[in-house]
Amino acid sequence: MSTNFFEALHQIATDKGIPRELIEQIVESAMLSAFKKQYGMIDNVRVVFDRDKNNVKVVSRKMVVNNARNKAEEISYTDAVKIAPAAELGDEIEVDENPLESFGRIAAQTAKQVIIQKIKEAEKNIIFNEFSGKEGELINGFLQRKTKDAIYVDLGRTEGILPGREQSPLEHYKTGDRIKALILSVQKNSKGPSIILSRSHPKFIQKLFEMEIPEVYDGVVRIVNIVREPGMRTKVAVTSERDDVDSVGACVGMKGIRIQSIVRELEGEKIDVVEYFDDKKIMAANSLTPAKTVEIVEKADGGIIAVVDNDQKHLALGRAGHNVRLASKLSGFDIDIKTEDQYRDFLASSESRSIVEQLFSRTEENETPLSELPGLEPRTIKLLENGGVFSVEDLVEKSAEELMAIDGIGEKTAKKILEIIEESVDFEDYGEKDEGESGADQNVETDKQAETDKQAETDKQAETDKQAETDKQAETDKQAETDKQAETDKQAETDKQTETDKQTETDKQTETDKQTGSTDQHEAQ
């Protein structure tokens, strides 16, 4: 075979990154396929690579006969002695075949197709193996073309697909723009490896933090959780095992220089970096950043009630509730936002009383949960718990009227509950158990009653003292009012007397002036 042909194959392999051993296997497979196409069999054929001469040849094993009829398996004696002078009739000798001369047009075309196909398959496998090992890593590319549903990114040897669901609503690109993305997954298909990229996945944020923040890359600061609504807000919980490291400060950087570079990469998306705590109340308050909380209350179901000022409510909820949603995902439990007024109303509700009872109640070891009562629906169990019924033992003591007094339970539901109790509960067992425990229960009840009576007496005495204090204050206020009224009347009397005296003086002066005028007139006459 021509040396130039073999060198051309190696050049193609070098350009496409295919190992030399693999290209030799491809050529061997192509030669065998062509030989089989030409002669119909390959049992006596092998392909030999001569690396010293940089050449490849096909060697077939043939039997020496007088007149060769099957050229694939036989060789004439005349031709055999030219190759091996010591050959005799009946011997088998190896004969070098020249593919360019012995193969026909169809066989040569077969070899060509096999080589092209195998090289393409090898290239696909190499690309797949290369990128499958990079899943979860960042990669840079350039926008090649856009469609309605995806962006195609030039990654060099292949292209990646950035679907619309993996894009941020804030990002807009044009052809040729540089794109940094996360290799989300690599899938193998008939057309070659499909490389799916993402810019909305939380791990994309993690890789940006590792790239921009050395403490995160080195493991000094650990990212506990990342939640994100692309285009709206991202929340990152971080912590550090070292007391001398401020995990949040390390991520934000001096004057926010570190976090700002990540914000620019996300086209201005808001990022909240908070410190992680195992304490649920502290974690809930941190998760609601940038809102400030007034009080954090833990609920019996594991959720949290966050009380905020009226002017902080919209900030705590966020646009369309995105801030509280992300805070709940970040902390791992439900967070309910209430203002101080709403919280006061909540404290007066039946739901609040149920929560308090669940928090401070102590379930006895021998009490049976409502969930173990067959046929009782979860919704009915929830209504009963809200009404203060937490066990089967509590439930069997309730009458139909008492059940109907619970919010959400009507006549039909109450009747169904009683039927379930009648079918499922063995009241004799409860009777025996009550008899066995009556002594202890009686003592507990007596102590409880004594404590209740004592508390009632204390409350009554306090009420009496309070009433006496109130009456005394009222008497004092009444006396003060009387004294004030007397002072007012006295002042009015004084003012009236002064006015009378003034009027008398005025009348007297007028009379004197009149008399004087009359005397002057008389003297003038």
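Residues numbered from 1 in each chain as written. Predicted model: local features only at pLDDT ≥ 70, side-chain atom pairs only at ≥ 80, totals over all residues. Heavy atoms only, no water.

What follows concerns the side chain of Thr380. Turning to its location among the elements, Thr380 is positioned in helix H15 (residues 378-386). What Thr380 contacts, discounting residues up to four positions off in sequence, is Thr413 and Ile417. (Helix = DSSP H or I, 4+ residues; strand = E, 2+ residues; numbered from the N terminus. Contact = heavy atoms within 4.5 Å.)

Backbone torsion omega between Thr289 and Pro290 reads 15°, so that peptide bond is classified as cis. With respect to the secondary-structure elements, Pro290 resides in the loop between helix H10 (280-287) and strand E13 (295-298). In the Ramachandran plot, Lys255 falls in the positive-phi region, its phi being about 55° despite a non-glycine side chain. Turning to its location among the elements, Lys255 is positioned in the loop between helix H8 (247-252) and helix H9 (257-265). With relative accessibility at 84%, the residue Lys255 sits in the exposed group. (Buried < 20%, exposed > 50% of the residue type's maximum accessible area, 1.4 Å probe, protein only.)

This part takes up the nonpolar core. Among the nonpolar cores identified, the biggest contains 21 residues, and Phe209, Val236, Cys251 and Ile271 are the most heavily contacted of them. Contributions of two or more residues to this core are made by helix H6 (202-212), strand E10 (221-229), strand E11 (233-240), H8, H9 and strand E12 (270-275). When residues in this core are grouped by element, the largest group, four residues, is from H6. Once you skip the residues sitting within four places of it in the chain, Val236 turns out to touch Ile205, Phe209, Ile223, Asn225, Ile226, Ile271, Asp272, Val273, Val274 and Leu330. (Core = buried A, V, L, I, M, F, W, Y, C linked by side-chain atoms within 4.5 Å.)

Take the pairing of strand E7 (residues 159-163) next. Both strand E6 (residues 150-154) and E7 contribute to a ladder of five bridges, which runs antiparallel. Bridge pairing links Val153 to Gly160 in E7. Counted between consecutive antiparallel strands, the loop separating E6 from E7 contains four residues, among which Gly156 sits at a positive phi close to 105°. The sheet contact formed by E7 and strand E9 (residues 192-198) spans two bridges and is parallel. Looking across to E9, one finds that Ile161 is bridged to Ile196. (Pairing = 2+ DSSP bridges.)

Scored by pLDDT, the protein chain comes out at a mean of 78, with 72% of its residues at no less than 70. Of the regions scoring below 50 in pLDDT, residues 429-444 engages in seven contacts with residues more than four places distant in sequence or in other chains. Below a pLDDT of 50 lies the segment residues 516-525, which in the model reaches zero contacts outside its immediate sequence neighbourhood of four places, other chains included. (pLDDT = per-residue confidence, 0-100.)

Our focus in this paragraph is the environment of Thr289. By the secondary structure assignment, Thr289 is in the loop between H10 and E13. The class for Thr289 is partly exposed, based on a relative accessible area of 29%. A C-alpha to C-alpha distance of 7.6 Å links Thr289 and Val274, two positions 15 residues apart in sequence. For Thr289, the side chain forms a polar contact with the main-chain oxygen of Asn286, separated by 2.6 Å. (Polar contact = N/O pair within 3.5 Å; in protein donor to acceptor, adjacent residues only side chain to side chain.)

Moving on: H10. Three or more residues of H10 are buried, namely Met283, Ala284 and Ser287. For H10, the angular spread of the buried residues around the axis is 100°, confining them to a single face. The secondary structure elements touched by the buried residues of H10 are E11, E12, E13, strand E14 (304-308), helix H12 (322-331) and strand E15 (335-339). By the N-cap criterion, in which a side-chain oxygen at the helix start approaches the backbone nitrogen of a residue two or three places on, H10 is capped by Asp279, the distance to Lys281 being 2.9 Å. (Arc of directions from axis to C-beta.)

Right, let's get into the environment of Ile179. As for its position among the elements, Ile179 is in strand E8 (residues 178-189). A C-alpha to C-alpha distance of 9.7 Å links Ile179 and Glu265, two positions 86 residues apart in sequence. Look past the residues within four positions of Ile179 in its chain and what remains in contact with it is Ile139, Asn140, Gly141, Leu143, Ile151, Val153, Tyr173 and Arg199.

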